Amino acid sequence: MLRKKAGKQRALRIYFATDVHGSEVCFRKFLAAAKVYEADVIILGGDFAGKAIVPVLTQDGMLRAQVRGDDIAVPESDWDRLAGDLGKAGLYPVRMHAAELDRLTADPGALDRLFRTEISAQMQRWCDMAAERLDPAVRCIITPGNDDPVDADPVIAAHPRVECPELELCDLGPVTMASLGVVPTTPWNTERECTEDELAKQIDEMLDPLPSGMPCILNLHCPPYASGLDDAPELDETLKPVIRGGRPSIIPVGSTAVREAIRRHQPVVGLHGHIHESRAAQKIGRTLCVNPGSDYSSGVLRGAVIDIARDGSCLDFLLTTG
Amino acid sequence: MTSSEASVPAGAAKAASTASTRLFVRQTSGLVRDLGIPAATGISLASVAVVNTFINFNAGLTDFTKSDMYLPLLAAAVIWLVAMFAYRYLLRAVPRAGGEYVYLSRIVSPAAGSVAGLGIAVVFTYVLSTNAHFAAQFTPFMLSGLGSAFHSTALANAGNHLTSNIAIAWLSVVVMLIVAALSLFSVRIVARIIFWLIVLQVLAFVVLIGMLAANSHADFTSALATYSNHPGAFQAIINAARSNGVVFGTSIASAVAIIPFMVLNYNGVLYSYYVGGELRRPGRTYLYASTISIGVLVVLWVGVWALLRARVGLQFMQAQANLSVANPTAYGKITSLNSVAGGLGYGMILSSDPITKILFATAVPLAEIAVNLAFLTVTTRVLFAQAFDRLLPVGVAKIGDRNHAPNVAIAIVLVIGIGFCFLTSLVNLGSIVALQSLFFALILLAGGISATVLPLRRSDLIQTPGMAEDARRRWLRNVALVGGATTILALFTIYELATHSSVYGKFSWESILTLVIVLGAGPLIYLIARTVRRQRNALDLSMAMRELPPE
């Protein structure tokens, strides 16, 4: 399968990574991937936003924080080093006084606003970094996932160097790409969720303008159901992993709407993420579906290199660990 | 990232627990409630086949003169305790499932991890076949026990016709086929099957301890005489062993040489690191769970060995194990008690009710099926990883549309495993156990090396942000020392295996072939895959393992 078709030449090389969750190291590696893998387009799938804020208390000329259960105290002059270390792991360090910490603890709304501010600020920095580091010939596409606040979309969309074709068709040359970060309802009630029926409708509406027979790529954050790209630990009603036979029980948690859309539209490639531990590539009909997985907490960038021919067919692919 | 709370409005954020923890966690997908010490301990203990200790006792008694198990059991526990600290740092660095393959990939290099991954896949396939072989070896004992429980001489006699090498090979194949058939069910059903098989073997072990404690040495000699229809069976076995040159007693050298077998005993006891990402305060929970598990196993195994020595006698166990190998005809004339069964066999003849007889008879085959079901899942996952790295065809990882099971991977493992079944049936039990010990020692070595180089290669993964330079150096030195100690202990285990010609050094073409296939498979498949892809002008494999510059 997917042998290099005789006589076909590569017209486009895509590098796809996803679920970096605020990791500065992973984003820098993502930018470096363009050169290392000689990619024409680099695509960062959804869930770019980090998950946690580390409040760094300013007190008597010292900075105090708690990381991985350890109490840290460093001179204020070490702020850059501390912030850099925390940012590498995808944590947002925020300097504050004890009163501010108490206020955030008591007021979920204020905390939510702080998260949104930090995430948008980080995205602005990342877009600027992309403009600074990327070769002008390389296209950089960033699309959101269910864990990303909608506030970050305009930041990407407004940046001249980065594209954010969410819910749009995007011309990549030999293929057209359609992107959607919404996922079916999760137990965590995240920002971009809907029912399977609504998801199916959104995908169909997005693909409606696509001329019949035009080769396309579906960049859908959620993987297709029971495809091997969507295996995750089963959780009980309290969100605790279910242990069976001495091991966490693993079940498929993907989307039936996505699977059905792939089965009907048969895109050339399906690009997915969402389930970090389910790094895999599977064929559904003629479609190659890829979930490169995510290992952002280790500072490792997992990705996929995909070669597309002039006629829009998929020549070859490789899952990468960098 | 984990949280101890859940369910807040969409997009909202919250404090992870209290202000004193000083960490605010956003409500995002993947946040799960943490597993505590009891759950982690359960995972560790369920990963160990407790009844397999009798196989290892037998291998030690058979392959070394003057064998005793106290020192080997305790020394092996110490080796795993040291390794536990190394894995604690690895868990902190890579708090996700994956094991040594992932550690090598992340910490040493992706290429080393990939090659090791292939080797581990082949090793695990070999382990599947050796477990099937153990189950097959216990089939005669099982039939004899079931015959006794159901008063069926036909069943009991059937066992006597299934002791040849070729019969054992075919029985191993049947066990492999049973495991493959069960693994085609959904993951949930397979997990339930594993759970109940584990419960049954643990129950058998506990009942055996109770039975040994409740009977005296005189009860045992009397029961053996009745079972064997030989009034002096006990002494006759000792005398026959003596006249066949078996030397009795204990020796430190033998005890040291047996340590690798007992290292194998504890394999699985640290497996709670596989759920490291879901543990509450991972480092602490993992240490507690692993220490408790090792402690429980030490008490169980040292306890059962002490009971066996007191009720059966060391001299008799040494005589029985060695006579049945050195002169099976002489042994067979005295008793039909299966010597490989060890403690379970002693329990069987002491037992007077059919339920316990059935429990003892089926304990090992059921345990091996449980272990193999778990191993098959792991093996197919490692094959998946290789397929996604394009070292194997992608079709290997194809998921069945109907049963959502990896049918192709299962078929491949089954075919290779059956091949190993025939190979292992031609090698003696001691060599099989030794080879298996070697493989797990090599895997432990991979873990030790990963921990040793962790401070050099990926110190960013383990050091606490903002740590002072002196403290940071001390911390990294401690990590390297613990990793180094694990590496040395793994090397010691390998050295012991390699230098005892009576067990492992007595190379035969079968054992050499097995070793070459298992250890050489990784690099060989990598080279073939890379060459083939180059000829097809496909994407270069080395690209998949190229490290990206972070700046």
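Just so you know, these numbers come straight off a predicted model, no measurement behind them.

Draft legend 1. Quick look at the overall build of chain A. Within chain A, the secondary structure is distributed over 7 helices and 22 strands. Computed over the C-alpha atoms, the radius of gyration of chain A is 21 Å, within 12% of the 20 Å expected from 2.2 N^0.38 for a compact globule of 322 residues. Overall, chain A is about 70 × 50 × 35 Å in size when its C-alpha atoms are taken along their principal axes. Residue burial in chain A is summarised as follows: out of 322 residues, 63% are buried. Within chain A, contacts between residues separated by at least 24 positions form 67% of all contacts whose residues are at least 6 apart in sequence. Of the roughly 11400 Å² that chain A leaves accessible, carbon and sulfur atoms contribute 50%.

Draft legend 2. Representation of the interface of chain B and chain A within the structure. With 82 residues of chain B at the interface, the matching set in chain A holds 96 residues. For the pair chain B and chain A, the two sides together bury roughly 7500 Å², of which 57% comes from carbon and sulfur. Inspection of the chain B/chain A interface yields 1 salt bridge. Note that Arg-533 of chain B and Asp-316 of chain A form a salt bridge whose closest N and O atoms lie 2.7 Å from each other. Joining chain B to chain A, the criterion identifies 8 residue pairs in polar contact (both at pLDDT 80 or more). Those elements that place two or more of their residues in the side of chain B that touches chain A are strand E1 (13-15), strand E2 (24-26), helix H1 (37-46), helix H3 (70-93), helix H9 (187-214) and helix H17 (354-388) of chain B. Looking at the side of chain B that touches chain A residue by residue, the classes come out as 45 nonpolar, 14 polar and 23 charged. Relative to E2 of chain B, strand E3 (residues 52-59) of chain A runs antiparallel, the two being bridged by 2 bridges. When the sheet's bridge partners are listed, Ile-53 of chain A is paired in E2 of chain B with Phe-24 of chain B.

Draft legend 3. Examining the sheet that holds strand E22 (residues 314-321) of chain A more closely. All names here are of chain A. Strands sit in the order E8-E7-E2-E1-E21-E22 across an open sheet of 6 strands; the sheet is mixed. Of all strands in the sheet, those with a lone pairing partner are strand E8 (162-163) and E22, marking the two edges. Here 4 bridges tie strand E2 (residues 41-44) to strand E7 (residues 139-142), and the two strands are oriented parallel to one another. When the sheet's bridge partners are listed, Val-41 is paired in E7 with Arg-139. Against the sheet, helix H1 (residues 24-36) touches strand E1 (10-17), E2 and E7, its axis set at about 160° to E2.

Draft legend 4. Representation of the packing of H17 of chain B against helix H18 (residues 407-425) of chain B. Residues and elements named next belong to chain B. Where H17 contacts H18, the axes come no closer than 10 Å and their chain directions differ by 110°. When the axis of H17 is compared with that of H18, the two are roughly perpendicular. The handedness of the crossing between H17 and H18 is right-handed. Judged by residue contacts, Leu-376, Thr-379, Thr-380, Leu-383 and Phe-384 of H17 engage Ala-409, Ile-410 and Val-413 from H18. Taken together, the residues that form the contact of H17 with H18 break down as 6 nonpolar, 2 polar and no charged.

Draft legend 5. Broad picture of the nonpolar core. Judged by nonpolar contacts, the single largest core of 275 residues is most densely connected at Tyr-15, Phe-30, Ile-42, Phe-48 and Leu-172 of chain A together with Tyr-266 and Leu-270 of chain B. Per element, the largest residue contribution to this core is 18 residues, and it comes from H17 of chain B. Contact partners of Leu-172 of chain A, with chain neighbours within four places excluded, come to Leu-12, Ile-14, Val-41, Arg-139, Ile-141, Met-177 and Ile-217 of chain A.

Draft legend 6. Representation of the sheet that holds strand E18 (residues 269-271) of chain A in the model. Residue and element names in this part refer to chain A. Read across the sheet, 6 strands follow the order E9-E10-E13-E18-E20-E19 without closing on themselves; strand pairing throughout is mixed. One side of each edge strand has no neighbouring strand; the edge strands of this open sheet are strand E9 (169-171) and strand E19 (280-284). Shown here is a sheet whose adjacent strand axes are inclined to one another by a mean of 20°, direction ignored. By the bridge criterion, 5 bridges tie strand E10 (residues 176-180) to strand E13 (residues 216-220) in an arrangement that is parallel. Directly across from Ala-178, in E13, lies its bridge partner Leu-218. Sitting on the sheet, helix H6 (residues 196-207) is in contact with E9, E10 and E13, with an inclination near 150° to E10.

Draft legend 7. Here's a closer look at the packing of helix H2 (residues 53-63) of chain B against helix H12 (residues 252-265) of chain B. Residue and element names in this part refer to chain B. At a minimum axis separation of 9 Å, H2 and H12 run at an interaxial angle of 170°. Our classification of the angle between H2 and H12 gives roughly antiparallel. Along the contact surface, H2 presents Thr-53, Asn-56, Phe-57, Ala-59, Gly-60 and Asp-63, while H12 presents Ile-258, Phe-261, Met-262, Leu-264 and Asn-265. When grouped by side-chain class, the residues that make up the contact of H2 with H12 number 6 nonpolar, 4 polar and 1 charged.

Draft legend 8. Quick look at unusual backbone geometry. All names here are of chain A. A positive phi angle, close to 55°, is found at Asn-189, a residue other than glycine. With respect to the helices, strands and loops of the structure, Asn-189 is situated in the loop between strand E11 (183-184) and strand E12 (193-194). On the basis of relative accessibility, which here comes to 35%, the residue Asn-189 falls in the partly exposed class. The phi angle at Gln-266 is positive, at roughly 45°, despite the residue not being glycine. Mapped onto the secondary structure, Gln-266 falls in the loop between helix H7 (256-265) and E18. For Gln-266, a relative accessible area of 18% puts it in the buried group.

Draft legend 9. Region of interest: a nonpolar patch on the surface. A contiguous nonpolar surface patch, about 300 Å² in accessible area, is contributed by Phe-195, Trp-196 and Val-199 of chain B. Within the secondary structure layout, Val-199 of chain B lies in helix H9.

Draft legend 10. Focus on empty space enclosed by the protein. Residues and elements named next belong to chain B. The full count for this structure, using the stated rule, is 5 cavities of 30 Å³ or more. The calculated volume of the largest cavity comes to roughly 80 Å³. Taken together, 13 residues form the lining of the largest cavity, with Asn-58, Leu-61, Ser-339, Gly-342 and Tyr-346 sitting closest to its centre. With 4 residues, H2 is the single largest residue contributor to the lining of the largest cavity.

Draft legend 11. Here's a closer look at the packing of aromatic side chains. With the rule as written, the count across this model stands at 20 aromatic pairs over all chains. Ring geometry for Tyr-15 of chain A versus Phe-30 of chain A: centroids 6.3 Å apart, planes at 40°, classification tilted. Of this pair, Tyr-15 of chain A sits in strand E1 while Phe-30 of chain A sits in helix H1; the two residues are 15 residues apart in sequence, bridging distant segments of the chain. The class of Tyr-15 of chain A is buried, set by a relative accessible area of 0%. Given the relative accessible area of 0%, Phe-30 of chain A is considered buried. Each ring, one from Phe-234 of chain B and one from Phe-316 of chain B, has its centre 4.8 Å from the other, and the planes form 10°; the classification is stacked. Of this pair, Phe-234 of chain B sits in helix H11 (residues 233-243) while Phe-316 of chain B sits in helix H14 (residues 314-326), and the two are 82 residues apart along the sequence.

Draft legend 12. Broad picture of the confidence of the model for chain A. When pLDDT is averaged along chain A, the result is 90; 97% of the residues meet or exceed 70. No element of chain A has a lower mean pLDDT than strand E16 (residues 247-248) of chain A, at 74, and none a higher one than E2 of chain A, at 98.

Draft legend 13. Seen up close, the state of the cysteines. Residue and element names in this part refer to chain A. This structure, assessed with the given rule, holds 0 disulfides over all chains. Cysteine Cys-140 remains unbridged, with the sulfur of Cys-127 as its closest cysteine sulfur at 7.3 Å. Residue classification places Cys-140 among the buried residues on the basis of a relative accessible area of 0%.

The rules behind the values
Residues numbered from 1 in each chain as written. Chains lettered and ligands numbered in written order. Predicted model: local features only at pLDDT ≥ 70, side-chain atom pairs only at ≥ 80, totals over all residues. Heavy atoms only, no water. Helix = DSSP H or I, 4+ residues; strand = E, 2+ residues; numbered from the N terminus. Rg over C-alpha atoms; globule rule 2.2 N^0.38 Å. Buried < 20%, exposed > 50% of the residue type's maximum accessible area, 1.4 Å probe, protein only. Contact = heavy atoms within 4.5 Å. Areas by Shrake-Rupley, 256 points an atom, 1.4 Å probe, with all protein chains shown as cover. Buried area = accessible area lost by both parts, 1.4 Å probe. Salt bridge = Lys/Arg side-chain N within 4 Å of Asp/Glu carboxyl O. Polar contact = N/O pair within 3.5 Å; in protein donor to acceptor, adjacent residues only side chain to side chain. Nonpolar A, V, L, I, M, F, W, Y, C, P; charged D, E, K, R; others polar. Pairing = 2+ DSSP bridges. Axes fitted to C-alpha atoms, helices over the stretch in contact; angles between N-to-C directions. Parallel < 35°, antiparallel > 145°, perpendicular 65-115°, else oblique. Left-handed = near helix turned anticlockwise from the far one by under 90°. Core = buried A, V, L, I, M, F, W, Y, C linked by side-chain atoms within 4.5 Å. Patch = residues over 30% accessible without salt bridge, like charges linked within 9 Å, V, L, I, M, F, W, Y side chains within 5 Å. 1 Å grid on protein atoms, 1.4 Å probe; cavity = no way out; pocket = protein on both sides within 12 Å on 5 of 7 lines; lining within 4 Å. Points joined across faces, edges and corners; volume = space filled by probe spheres on them. Phe/Tyr/Trp six-rings, centres within 6.5 Å; stacked < 30°, edge-to-face > 60°. pLDDT = per-residue confidence, 0-100. Disulfide = S-S within 2.5 Å.

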